[in-house]
Amino acid sequence: MKNFIYDVPTRVLFGDGQVSNVGKEVKKHASKILLLYGKNSIKKMDYMMRL
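Residues numbered from 1 in each chain as written. Predicted model: local features only at pLDDT ≥ 70, side-chain atom pairs only at ≥ 80, totals over all residues. Heavy atoms only, no water.

Helices and strands together make up the secondary structure of the protein, namely three helices and zero strands. Along the chain direction, N to C, the helices and strands of the protein fall in the order α-α-α. For 51 residues, the compact-globule estimate of 2.2 N^0.38 gives 10 Å, and the protein exceeds it by more than 25% at 14 Å. If one aligns the C-alpha atoms of the protein with their principal axes, the spans along those axes are about 45 × 25 × 20 Å. Counting all 51 residues of the protein, 4% fall into the buried class. For the protein, the exposed surface amounts to about 5,500 Å²; the carbon and sulfur share of it is 57%. Across the protein, the mean location of the 10 positive side-chain charges is 7 Å away from that of the 4 negative side-chain charges. (Helix = DSSP H or I, 4+ residues; strand = E, 2+ residues; numbered from the N terminus. Rg over C-alpha atoms; globule rule 2.2 N^0.38 Å. Buried < 20%, exposed > 50% of the residue type's maximum accessible area, 1.4 Å probe, protein only. Areas by Shrake-Rupley, 256 points an atom, 1.4 Å probe, with all protein chains shown as cover. Lys, Arg positive; Asp, Glu negative; His and termini not counted. Charge placed at Lys NZ, Arg CZ, Asp CG, Glu CD.)

Set out below in structure tokens:
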């Protein structure tokens with residue numbers, strides 16, 4: 001196995017209304033994201049449409 005360093009800086013947005021800030025944060029760093037979520041929560045809460 002080759003040696004490597006895996007550095008993953010993490011920023012957590014927590015609390016009421018923070019979903020509306022996710023897009024702003026993503027735009028600072030990337031044009032595409034990988035979004036992981038549970039079974040139905042993102043659809044049930046309509047978060048996907050807000051992002």
